[in-house]
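Observations on the three-dimensional arrangement
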Amino acid sequence: AQSVSQHNHHVILSEAASLELGCNYSYGGTVNLFWYVQYPGQHLQLLLKYFSGDPLVKGIKGFEAEFIKSKFSFNLRKPSVQWSDTAEYFCAVNERNAGNMLTFGGGTRLMVKP
Amino acid sequence: NAGVTQTPKFQVLKTGQSMTLQCAQDMNHNSMYWYRQDPGMGLRLIYYSASEGTTDKGEVPNGYNVSRLNKREFSLRLESAAPSQTSVYFCASSVYRQSRGSPLHFGNGTRLTVT
C-alpha cells in the first residue's frame, strides 16, 4: 500500500528564515503529488501540485516544491517565511493506477515567530 | 459560491447513537470524498464517490456508510457511534478523479466527539 512520510512533525522558525519540509512516498509508479495547507481555524486548501512536466513546481504565496523521482520525494520550500505562514502542511500522493485514492502524510505544524 | 458546505460544525454523541453528516457542493464537481483527520495521522479516506450513483470504500470505511444523494450531496452516516470515531471529519470534492491530478476542495469540517 502507498505510504507518505513527512519527517518533521513540528517546525519552529523565525521570520525571514528559509523553509524546507520533507515528503517521501513509497510507490514507484506514476504519481500525482500535492501539498495542502491548513491555516488555524480554516479548512485545507491547495498550495501546489505536480501532475507532469517541469519537476520544479511553483505555488501560491511564494512556495515551491521539487519532485525528485529517484528519491521518491516532493519537498516543499520557501526562501523566506512570514508569520502568516504559520499553519499545518500536508503532503499527499495519488497513484495514477489507483484511481481516486489520495494518501496524505501525517502533516507538519509550522510555527513562525515574528 | 459557497463551495463545500458541511453540517453540523460540532456534535457530541453517546456511544451507540447514530447520526448523519451532511455535505453539499455547488461547484458541479463529479467526485466527492469523506476524510477523517486525527492528530499525527493526517487525513484518512473513509469513502468516496467518483461520480453520481457510485460509492467506494477508502482506507478506513468500517463503522460508516455513505449516500451520494445526487451530484451535489454526499452524506456520511455513523450507525452506532464508538469513541474511536471521535475525530474531525472533512468532506471534499473535485472536478475529476484524483488520477487526473484534480485538486480537492474541502469543507470546514465537523468536530465529532463520542463519549
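Quick caveat, the model's predicted, so the values are computed rather than measured. (Residues numbered from 1 in each chain as written. Chains lettered and ligands numbered in written order. Predicted model: local features only at pLDDT ≥ 70, side-chain atom pairs only at ≥ 80, totals over all residues. Heavy atoms only, no water.)

For the rest of this paragraph, the subject is the overall build of chain B. Looking only at helices and strands, one finds 0 helices and 11 strands in chain B. Its helices and strands in sequence order give chain B the pattern β-β-β-β-β-β-β-β-β-β-β, from N to C terminus. For 115 residues, the compact-globule estimate of 2.2 N^0.38 gives 13 Å, and chain B sits close to it at 13 Å. With respect to the principal axes defined by its C-alpha atoms, chain B has extents near 40 × 25 × 25 Å. Element-wise, carbon and sulfur atoms account for 47% of the exposed surface of chain B, whose accessible area totals about 5,200 Å². Once the 12 positive and 7 negative side-chain charges of chain B are each reduced to a mean point, those two points are 3 Å apart. (Helix = DSSP H or I, 4+ residues; strand = E, 2+ residues; numbered from the N terminus. Rg over C-alpha atoms; globule rule 2.2 N^0.38 Å. Areas by Shrake-Rupley, 256 points an atom, 1.4 Å probe, with all protein chains shown as cover. Lys, Arg positive; Asp, Glu negative; His and termini not counted. Charge placed at Lys NZ, Arg CZ, Asp CG, Glu CD.)

We now examine the sheet that holds strand β3 (residues 19-25) of chain B. Residue and element names in this part refer to chain B. Spatial strand order, β1-β3-β8-β7: 4 strands in an open sheet with antiparallel pairing. Of all strands in the sheet, those with a lone pairing partner are β1 (4-7) and β7 (64-68), marking the two edges. Ignoring which end each strand starts from, the neighbouring axes of this sheet average 15° apart. With 3 bridges connecting them, β3 and strand β8 (residues 74-78) associate as antiparallel partners. Looking at the pairing, L21 lines up with L76 of β8. (Pairing = 2+ DSSP bridges. Axes fitted to C-alpha atoms, helices over the stretch in contact; angles between N-to-C directions.)

Moving on, we come to the packing of aromatic side chains. Evaluation of the coordinates by the stated rule reveals 14 aromatic pairs over all chains. When the ring of A:Y36 is compared with that of A:F104, the centres are 5.8 Å apart and the planes differ by 45°; the resulting orientation is tilted. Pair noted here: A:Y36 is in strand β5 (residues 31-38) and A:F104 is in strand β11 (residues 102-104), with a separation of 68 residues, a long-range link. We classify A:Y36 as buried; its relative accessible area is 0%. On the numbers, 6.5 Å between centres and 70° between planes, the contact of A:F104 with B:F106 is edge-to-face. (Phe/Tyr/Trp six-rings, centres within 6.5 Å; stacked < 30°, edge-to-face > 60°. Buried < 20%, exposed > 50% of the residue type's maximum accessible area, 1.4 Å probe, protein only.)

Here we come to the state of the cysteines. Residue and element names in this part refer to chain A. Summed over all chains, the structure comprises 2 disulfides over all chains. In this model C23 forms its disulfide with C91; the gap between the sulfur atoms is 1.9 Å. Because the sign of the S-S torsion sets the handedness, a value of about -65° for the bond joining C23 and C91 places this disulfide among the left-handed ones. Of this pair, C23 sits in the loop between β3 (19-21) and β4 (24-25) while C91 sits in strand β10 (residues 87-95), and the two are 68 residues apart along the sequence. C91 shares its class with C23; the two are buried. (Disulfide = S-S within 2.5 Å.)

A word on the pattern of salt bridges. Residues and elements named next belong to chain A. All chains considered together, the criterion is met by 8 salt bridges over all chains. When the shortest N-O distance is used, the salt bridge between E88 and R109 registers 3.5 Å. Taken as a pair, E88 in strand β10 and R109 in strand β12 (residues 108-113) lie far apart in primary sequence, 21 residues in all. Here the residues in one salt-bridge network are K58, E64, E66 and R77, joined through shared partners. (Salt bridge = Lys/Arg side-chain N within 4 Å of Asp/Glu carboxyl O.)

These values are about where atoms sit, not about what they do.
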